[in-house]
Amino acid sequence: MTTTLLRGGTVVTATGRSAADVLVDGERIAAVLAPGSTLLGHDLAASVDRVVDATGKYVVPGGVDAHTHMELPFGGTAASDTFETGTRAAAWGGTTTIIDFAVQRAGERVQDGLAAWHAKAAGRCAVDYAFHQIVGGVDDDALKAMETLVDEGITSYKLFMAYPGVFHSDDAQILRAMQKAAELGLLTMMHAENGPAIDVLAAQLVEQGRTAPYFHGVARAWQLEEEATHRAIMLADVTQAPLYVVHVSAKQAVQQLAWARDAGRNVFGETCPQYLYLSLEEQLGAPGFEGAKWVCSTPLRSRAEGHQDHMWQALRTNDLQMVSTDHCPFCMKGQKELGLGDFRAIPNGIGSVEHRMDLMYQGVVTGEITLERWVEITSTTPARMFGLYGRKGVVAPGADADLVVYDPAGHTSIGVGATHHMSMDHSAWEGFEVDGHVDVVLSRGEVLVDADGYHGRPGHGRYLRRDLSQYLV
Ligand code: URP
Ligand code: ZN
Ligand code: ZN
Ligand code: ZN
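Since this is a predicted model, take the numbers as computed values, not measurements.

**With respect to the overall build of the protein chain**
Looking only at helices and strands, one finds 14 helices and 21 strands in the protein chain. Computed over C-alpha atoms, the radius of gyration of the protein chain comes to 21 Å, within 12% of the 23 Å expected from 2.2 N^0.38 for 473 residues, which places it in the range of a compact globule. Over its C-alpha atoms, taken along the principal directions, the protein chain stretches across nearly 75 × 50 × 40 Å. Buried positions account for 57% of the 473 residues belonging to the protein chain.

In structure tokens form, the structure reads like this:
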């Protein structure tokens, strides 16, 4: 058992900050101590195996990214990060837990989809991982199989109002799945966009010769996110199922969530870095086919309409509770290129798993959120929402020693190059110069990243069985 002392830093949690040393014994945090504490008169630093100097730096709980899609078969290809490359990139960026989505499609068994996801991830992950279950074909068998999820350590599942013919559920299917979820205590995660309406608009645009990536954003109008969000809220209300809306990008969708929460409904929402920083005009509207890099769903929204500012506001007011990446990377070459001449064939997704902690820290730098809120929306709330809190999401005795030493005086240049570890031939964040730097990353007491580089390994990461959400009553 290795003992480690993180000395001289400022420990930041969702509820406060204090100068403290953190003692790690094996895989867990043993103590959070007054700076310079001794043990029975002995200098602690002299008694441990390893000392990490955190002077002038923050010591925060490792990031929990509750929305990733490693190796997702999607859009005629598969997401370009494997569990091995994607979790390595996560580690580099200070994320020590991911929750990925096992997939069941219409006609398939939920159990088989889950087994396939375990087979992809087992022995390959650099950080700990858990699963949500996509139920892409709601039928009697799938509803029955949902009864086994909690025993598998899976306490949330995702439905899609988007992507007809792929993952889409109609209202009848959603209602039945939510009834089952309410019975079991599962959290329903919803991709809230009106897919059938989007497909009609998209086909009309293509017929008019509007085939560029920009029109992906035009077809996926904010009204169709607002409408679907409202419908999801009401279907959840009728069934008494708690609801979590994923990748929220439209301010009107946030207004729906705020309205539902104000009325006391058990409704939550996440957004993603791309909806805070990037826009329809600047990125999706880039010249030629360049905008394909930023084709994702829900789409990037118009800056002129003010969606991005509204997302920041909602993070402050807790109308949105957390930030996940929806990491779903595709290379331009051979993948995004599938949609040259027809935006509908561009695989949907952006890769950000490596950058979420840094990108969200910029909100602290610019004064959009506090340091504590940064920790809360990137680690503590995802841990609580998805049944990992106590083990993850907090710096406290007994918690897993998943720790990040973050240097506020550091600097990170994002882009493909030496500092890029995701399996992509481009970065959606090329040219972003951000304040702050992930200096040291520990996962269950093992150093994954430090000044001399990467020490992680495939297979260090363990499958996490999750408890029911602490947010649900
Ligand atoms: O564009 C996206 N979001 N791709 C991943 C699949 C999903 O809808 O989350
Ligand atoms: Zn989705
Ligand atoms: Zn997703
Ligand atoms: Zn080292």
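**Regarding the domain arrangement of the protein chain**
Often the size quoted for an interface is simply the accessible area lost on bringing the parts together. Once the domains are mapped, the protein chain shows domain 1 (3–60 + 394–454) and domain 2 (62–385). Taken over C-alpha atoms, the centre of domain 1 sits 28 Å from the centre of domain 2. For the side of domain 1 that touches domain 2, the secondary-structure elements that each account for two or more residues are strand E1 (3–13), strand E2 (16–25), strand E18 (403–413), strand E19 (433–443) and strand E20 (446–450). At six residues, the largest contribution of residues to the side of domain 1 that touches domain 2 is made by E19. For the side of domain 1 that touches domain 2, the residue count by class is 18 nonpolar, nine polar and four charged.

**A short note on the site of ligand 1**
Around ligand 1, the neighbouring residues are His 69, His 191, His 247, Cys 296, Ser 297, Asp 326, Cys 328, Asn 348 and Gly 349. For the shell around ligand 1, the class distribution of residues is two nonpolar, six polar and one charged.

**Let's talk about the confidence of the model for the protein chain**
Taken over all residues, the pLDDT of the protein chain has a mean of 97, while the share at 70 or more is 100%. Across the interfaces of the predicted complex, the ipTM metric reaches 0.97, alongside a pTM of 0.98.

**Some remarks on the sheet that holds strand E15 (residues 243–245)**
Overall, parallel pairing links the eight strands, which are arranged E8-E11-E12-E13-E14-E15-E16-E17 in an open sheet. Both edges of this open sheet fall to strand E8 (63–68) and strand E17 (322–323), since each of them pairs with a single strand only. Alignment of strand E13 (residues 156–160) against strand E14 (residues 187–191), held across five bridges, turns out to be parallel. Across the sheet, residue Ser 156 finds its bridge partner in E14, namely Leu 187. Lying on the sheet, helix H9 (residues 251–262) is in contact with E15 and strand E16 (267–271); it crosses E16 at an angle near 150 degrees.

**Some points on the packing of helix H13 (residues 356–365) against helix H14 (residues 371–385)**
Viewed as axis vectors pointing N to C, H13 and H14 meet at an angle of 150 degrees, and their least axial separation amounts to 9 Å. Between H13 and H14, the interaxial angle falls into the category roughly antiparallel. Crossing of H13 against H14: the hand is right-handed. Of the residues in H14, those touching H13 at Arg 356, Met 357, Met 360, Tyr 361, Gly 363 and Val 364 are Leu 371, Trp 374, Ile 377 and Thr 378.

**Here we look at the pairing of strand E11 (residues 95–105)**
In terms of burial, E11 is a largely internal element, ten of the eleven residues being buried. Where E8 lies against E11, four bridges are found, and the strand directions are parallel. Across the sheet, residue Asp 65 finds its bridge partner in E11, namely Ile 98. Looking at chain direction, E11 and strand E12 (residues 128–136) are connected through nine bridges and run parallel. Bridge pairing in E12 links Thr 97 to Asp 128. A crossover links E11 with its parallel partner E12, the connecting element being helix H3 (residues 110–121), and its sense is right-handed.

**A look at the environment of Glu 71**
Counting through the fold element by element, Glu 71 comes out in the loop between E8 and strand E9 (73–74). Glu 71 sits in the buried class, given 21 other C-beta atoms within 10 Å. As for Glu 71 and Gly 86, which are separated by 15 residues in sequence, their C-alpha atoms are 9.0 Å apart. Setting aside its immediate chain neighbours within four residues, Glu 71 contacts Ala 78, Ala 79, Thr 82, Phe 83 and Lys 120.

**Focus on the UniProt feature "domain: Amidohydrolase-related" (unreviewed entry) in the protein chain**
The sites that carry the UniProt feature "domain: Amidohydrolase-related" (unreviewed entry) are, in the present numbering, residues 58–447. A helix fraction of 35% and a strand fraction of 20% characterise residues 58–447, whose end C-alpha atoms lie 16 Å from each other.

**Considerations on the nonpolar core**
Soluble globular proteins: nonpolar side chains tend toward being buried together. Counting residues in each nonpolar core, the largest one holds 148 residues, and the members touching the most others are Val 22, Val 59, Val 135, Met 190, Ala 232, Leu 243 and Val 245. Sort the elements by how many residues they give to this core and helix H8 (residues 222–239) lands first, with seven residues. Each of two domains, domain 1 (3–60 + 394–454) and domain 2 (62–385), supplies a minimum of three residues to this core. Discounting chain neighbours no more than four positions away, the residues touching Val 59 are Leu 6, Gly 9, Thr 10, Val 11, Val 22, Ala 54, Val 395, Leu 403 and Val 405.

**Some remarks on helix H5 (residues 171–184)**
Taking 1.5 Å per residue, 14 residues should reach 20 Å; H5 reaches 20 Å between its end C-alpha atoms and fits that length. Every buried residue belonging to H5 is among Ile 174, Ala 177, Met 178, Lys 180 and Ala 181, and all of these are buried. Along the axis of H5, the buried positions cluster into a sector of 160 degrees, meaning they face one direction only. Lining the buried residues of H5 we find E12, helix H4 (140–146), E13, E14 and H8. Where H5 terminates, the next one or two residues include Gly 185, which has phi positive at roughly 85 degrees.

**Things to note about the pairing of E1**
For E1, a buried count of eight out of eleven residues is recorded, marking the element as mostly surrounded by other parts of the structure. In the sheet, E1 pairs with E2 via nine bridges, with the strands oriented antiparallel. Across the sheet, residue Val 12 finds its bridge partner in E2, namely Arg 17. As paired elements, E1 and strand E6 (residues 50–53) share four bridges and run parallel to each other. Residue pairing across strands places Thr 4 opposite Arg 50, the latter belonging to E6. Sheet analysis places E1 next to strand E7 (residues 58–61), joined by two bridges and oriented parallel.

About the cut-offs
Residues numbered from 1 in each chain as written. Chains lettered and ligands numbered in written order. Predicted model: local features only at pLDDT ≥ 70, side-chain atom pairs only at ≥ 80, totals over all residues. Helix = DSSP H or I, 4+ residues; strand = E, 2+ residues; numbered from the N terminus. Rg over C-alpha atoms; globule rule 2.2 N^0.38 Å. Buried ≥ 20, exposed ≤ 12 C-beta atoms within 10 Å, placed from the backbone. Domains from an automatic or database assignment. Nonpolar A, V, L, I, M, F, W, Y, C, P; charged D, E, K, R; others polar. Near = placed C-beta within 6 Å. pLDDT = per-residue confidence, 0-100. Pairing = 2+ DSSP bridges. Contact = placed C-beta atoms within 7 Å. Axes fitted to C-alpha atoms, helices over the stretch in contact; angles between N-to-C directions. Parallel < 35°, antiparallel > 145°, perpendicular 65-115°, else oblique. Left-handed = near helix turned anticlockwise from the far one by under 90°. Right-handed = clockwise from strand over helix to strand, strands pointing away. UniProt positions renumbered as here; feature names shortened; annotations may be inferred. Core = buried A, V, L, I, M, F, W, Y, C linked by C-beta atoms within 7 Å. Expected span 1.5 Å × (residues − 1). Arc of directions from axis to C-beta.

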